[in-house]
Amino acid sequence: MKHKKTHDILLAAPGYLIYTVFMIIPLGLCLFYSFTNWDGISKNYKMIGFKNFVRLFQDASFYNALKVTLIITVITVLIYNVLGVFLAVVLNRKNRACAFAKSAIFVPTVLSSVVVAFIWSYIMQKDGGIINTILGVFGIPPVDFYDTPMHTIAMISVIISWNGLGLFMVIYVATLNTIPQELMEAAEVDGANGVQRFFRITLPLMMPGITINSVLSMAGGLKQYDHVKVITGGGPGGATQTITLLSVEKAFGYNRRGYSSAIILVLFIMIVIVSVIQISITKKREVEY
Amino acid sequence: MSTLVKKRLTGKKIGRGTRNLLTVLFAVIYLIPLYVAVVNSFKTYWEVIKSPLALPSSPTLENFTEAFHASNILSLYGTSILITFTSVALLVLISSTAAYIIIRRKNRFCKFLYGYALIGIMVPPVVTLVPSIKTLSMLGLMYTPWGLLMFYGGAYFSTTIFLYTGFINSIPVTLDESAYIDGAGTIRIFFRIIFPLLKPCTATAVILMGMWIWNDFLNPMYILGSTAGKTITTGIYNSIGAYTSKWNLVFANVILASVPIVALYLCMQKQFMTGLTAGAVKG
């Protein structure tokens, strides 16, 4: 077949133009700014080499943000994937109770993170919050979810998971449905019990879904902004700031765009490294059938 | 039937009954936060404080009328619908066409273009936000809906291209060839024959992008600023920030912001669930 070049260009060029101007160039600029002391306003700025990065690795608030971000990532990745697989396996039956549960768990997924964060900040209040009201019925003294930054972060991680679990569950259900039924039946005939079937057949064959979900959940956790911004605003005194929150604050609150670019670049490199490692690990475990 | 078999059968039945009960119970507990938001939006301030878990004793719509006017909900909706709709349409159009060309033309340049398009898949939008403010202002697009539209076009191009290339690969080239013999040009072949076949993939792209863009918070906050209108998320964030402890009003805002999207989900549950995965998981 011979194709008219003009047609090919007309079809492919608009996308690549937008992508280059609004993605690749800003990405390059982020790299560039991270080596400058640009403040976001003035025309003059200097190349300062690796100074931003040196300062970054001496900055206590960066280490704290890193810690907060990693805690959120670990908790949410665990909940999304362990509970996600569990719910997918348990709810993958054709009856009304399971259909209802799947729809219910998916509802929070369509809600905006801001809305979810407001609802939960009421629920976890120390005085008059729902959790403490319910605990009070059983005579349990009220819990202060804000007493230490780490408690707050752990609670926020649970809230994020409540918000997003439905998506991960649905992807796991879809992966589960790609497993041929005959395999299960064959294993059952061979005398494998439920636990054996789960670990020997279901889990290995769910690897493609686990690859997608672990990368999605990991990247989601590392760039967390919304829930923390609404619930604590990063406070008290920056103790619950994530890397994204810190970077945005430096860029717009303190007009230190160069420094902020360096912070966000480190985050980006982290995401790339983690995703590459993860994909290579889980891809190796994907089995052919 | 022997008693042993009978025992096993009834045993299984009871097991199934309790399992279903536990399933429903779990789902109900999962939805308690939404129940809390709904019931308290119909109460007065004092009733929320006194009995936060009870149903409203005399339901009032006052919170809603106040929130409706104070937050200017309709204009927030207008902005959100406009931005989500145009961004998703733009993404579907530019990435399905580009994906088609780079998959069908087997040459080195297209291979390069494929790799180039995937660079962005690991870049979270927040990485490009700060420098985008520079590029957008240079183009005169800062603080306009157009700027946000272009930002999303760049930010999610990689993801949608990734979805489409995988799907187009599974469509036989013979379809293109027969249309070509009938004298159709590439543009016609794509829009008449290929694009309709991409429906499951387009559904995935529309739902995924639609949810991300509709619920986005950080990017519209800085790119639209305070002049170019507010989306539902940024608008609600601002108006709720103004009365942090008047929970009855907070919840009325929360409900007004969420009812349409939840209603859309409940009406199109099947499309949401299957659409999200049809183009993403091989089946």
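Residues numbered from 1 in each chain as written. Chains lettered and ligands numbered in written order. Predicted model: local features only at pLDDT ≥ 70, side-chain atom pairs only at ≥ 80, totals over all residues. Heavy atoms only, no water.

What's the story with the overall build of chain B in this structure? I'm lost.
A count of helical and extended segments in chain B gives 15 helices and zero strands. Taken against the 2.2 N^0.38 rule, which gives 19 Å for 283 residues, the C-alpha radius of gyration of chain B at 25 Å runs more than 25% over that of a compact globule. Projected onto the principal axes, the alpha-carbon positions of chain B cover approximately 75 × 70 × 30 Å. Counting every position in chain B, which comprises 283 residues, the buried fraction comes to 52%. Taking the contacts inside chain B whose residues are at least 6 apart along the sequence as the reference set, 71% of them involve residues at least 24 apart. Of the roughly 13,800 Å² of accessible surface on chain B, a fraction of 69% belongs to carbon and sulfur atoms. Treating the 22 positive side-chain charges of chain B as one cloud and the 7 negative ones as another, the clouds have centres 16 Å apart. (Helix = DSSP H or I, 4+ residues; strand = E, 2+ residues; numbered from the N terminus. Rg over C-alpha atoms; globule rule 2.2 N^0.38 Å. Buried < 20%, exposed > 50% of the residue type's maximum accessible area, 1.4 Å probe, protein only. Contact = heavy atoms within 4.5 Å. Areas by Shrake-Rupley, 256 points an atom, 1.4 Å probe, with all protein chains shown as cover. Lys, Arg positive; Asp, Glu negative; His and termini not counted. Charge placed at Lys NZ, Arg CZ, Asp CG, Glu CD.)

Can you walk me through the overall build of chain A in this structure?
The secondary structure content of chain A amounts to 13 helices and zero strands. Overall size of chain A, expressed as C-alpha extent along the three principal axes, is 75 × 75 × 30 Å. A buried classification covers 52% of the 289 residues belonging to chain A. A sequence separation of at least 24 residues applies to 69% of the contacts in chain A between residues at least 6 apart. With the model as given, the accessible surface of chain A reaches about 13,100 Å², and the carbon-plus-sulfur share is 66%. Across chain A, the 23 positively charged side chains and the 14 negatively charged ones have centroids separated by 10 Å.

I'm lost on the packing of helix α1 (residues 5-33) of chain A against helix α7 (residues 125-138) of chain B in this one. Help?
Helix-helix packing is described using two parameters, namely the angle between the two axes and the distance between the axes. Closest axis-to-axis distance for the α1(A)/α7(B) pair is 8 Å, and the angle between their directions is 105°. Comparing the axis directions of α1(A) and α7(B) gives the class roughly perpendicular. Contacts between α1(A) and α7(B) involve A:F22, A:M23, A:I25, A:P26, A:L27, A:L29, A:C30 and A:Y33 from the former and B:V127, B:T128, B:P131, B:S132, B:K134, B:T135 and B:L136 from the latter. Residues that form the contact of α1(A) with α7(B) fall into these classes: 11 nonpolar, three polar and one charged. (Axes fitted to C-alpha atoms, helices over the stretch in contact; angles between N-to-C directions. Parallel < 35°, antiparallel > 145°, perpendicular 65-115°, else oblique. Nonpolar A, V, L, I, M, F, W, Y, C, P; charged D, E, K, R; others polar.)

Looking at this structure, how should I read the packing of aromatic side chains?
Aromatic rings in a pair are described by how distant their centres are and how their planes are angled relative to each other. Throughout the structure, instances matching the rule amount to 35 aromatic pairs over all chains. On the numbers, 5.6 Å between centres and 70° between planes, the contact of A:W120 with A:W162 is edge-to-face. Residue A:W120 is found in helix α5 (residues 113-123), and its partner A:W162 is found in helix α7 (residues 149-176); the two are separated by 42 residues along the sequence. With respect to class, A:W120 is no different from A:W162; both count as buried. With a centroid separation of 5.9 Å and an interplanar angle of 50°, the aromatic rings of B:F190 and B:F195 are classed as tilted. Overall, B:F195 belongs to the partly exposed group, its relative accessible area being 27%. Here the aromatic cluster, defined as three or more aromatic residues joined through ring pairs, consists of A:Y16, A:Y19, B:F109, B:F112, B:Y116 and B:F157. Positioned above the aromatic ring of A:Y259, the side-chain terminus of A:R55 is 5.5 Å from the ring centre. (Phe/Tyr/Trp six-rings, centres within 6.5 Å; stacked < 30°, edge-to-face > 60°. Lys NZ or Arg CZ within 6 Å of the ring centre and 35° of its normal.)

When you look at the interface of chain B and chain A in this model, what are you seeing that I'm missing?
Across the contact, 92 residues belong to chain B and 84 residues belong to chain A. Taking both sides of the interface into account, the surface hidden between chain B and chain A amounts to around 7,800 Å²; carbon and sulfur atoms contribute 80%. Where chain B touches chain A, the interface holds one salt bridge. B:R105 is the partner of A:D8 in a salt bridge, and the nearest nitrogen-oxygen pair spans 2.6 Å. (Buried area = accessible area lost by both parts, 1.4 Å probe. Salt bridge = Lys/Arg side-chain N within 4 Å of Asp/Glu carboxyl O.)

Please clarify how the environment of A:N64 should be interpreted in this entry.
By secondary structure assignment, the location of A:N64 is in helix α3 (residues 60-91). Expressed as a C-alpha distance, the spacing of A:N64 and A:N255, which sit 191 residues apart in the sequence, is 21 Å.

Would you mind going over the domain arrangement of chain B with me for this structure?
Interfaces are frequently sized by the accessible area removed from exposure as the parts join. Split into domains, chain B comes out as domain 1 (1-30), domain 2 (32-60) and domain 3 (70-278). The distance between the C-alpha centroids of domain 1 of chain B and domain 3 of chain B comes to 44 Å. (Domains from an automatic or database assignment.)

Quick question: what am I supposed to make of the pattern of salt bridges here?
Pairing between side chains becomes possible if they bear opposite charge and their charged atoms approach one another. Applying the stated criterion to the full structure yields three salt bridges over all chains. The salt bridge partner of A:E188 is A:R197, with a shortest N-O separation of 3.9 Å.

Help me out: how do you make sense of the confidence of the model for chain B in this one?
Parts of the prediction with low pLDDT should not have their coordinates interpreted in detail. Averaged over every residue, the pLDDT of chain B is 83; the share at 70 or more is 91%. Predicted complex, confidence summary: ipTM 0.84, pTM 0.85. (pLDDT = per-residue confidence, 0-100.)

Hey, could you run me through unusual backbone geometry in this one?
In most cases, non-glycine residues show a negative phi, while peptide bonds are predominantly trans. Residues and elements named next belong to chain B. Of note, the phi angle at Y143 is positive, near 60°, even though the residue is not glycine. Looking at the secondary structure, you find Y143 in the loop between α7 and α8 (145-169). For Y143, a relative accessible area of 45% translates into the label partly exposed.

Sorry, what's going on with helix α11 (residues 199-214) of chain B here?
Here α11(B) is 16 residues long and its end C-alpha atoms lie 21 Å apart, about the 22 Å a rise of 1.5 Å per residue gives. For α11(B), the full list of buried residues reads B:C201, B:T202, B:T204, B:A205, B:I207, B:L208, B:M209, B:G210, B:M211, B:I213 and B:W214. (Expected span 1.5 Å × (residues − 1).)

It is not clear to me how a nonpolar patch on the surface should be interpreted in this structure. Could you clarify?
Residue and element names in this part refer to chain A. Together, I134, V137, F138 and I140 give the surface a local cluster of nonpolar side chains, amounting to about 420 Å² of exposed area. You can see F138 is positioned in the loop between α6 (130-137) and α7. We classify F138 as exposed; its relative accessible area is 65%. (Patch = residues over 30% accessible without salt bridge, like charges linked within 9 Å, V, L, I, M, F, W, Y side chains within 5 Å.)

Just to check I follow, could you spell out helix α5 (residues 73-104) of chain B for this structure?
The α-helix advances 3.6 residues per turn, and as a result positions three or four apart in sequence lie on the same side. With 32 residues, α5(B) extends 46 Å between its outermost C-alpha atoms, agreeing within 8% with the 46 Å of an ideal straight helix rising 1.5 Å per residue. Within α5(B), 23 of the 32 residues are buried, leaving the element largely enclosed by the surrounding structure.

Would you mind showing me how to read the environment of A:L56 here?
Residue and element names in this part refer to chain A. Along the polypeptide, L56 turns up in helix α2 (residues 51-56). Note on L56: relative accessible area 0%, which makes it buried. In sequence terms L56 and S260 are 204 residues apart; their C-alpha atoms lie 9.6 Å from each other. What L56 contacts, discounting residues up to four positions off in sequence, is F62, Y259, A262, I263 and V266.

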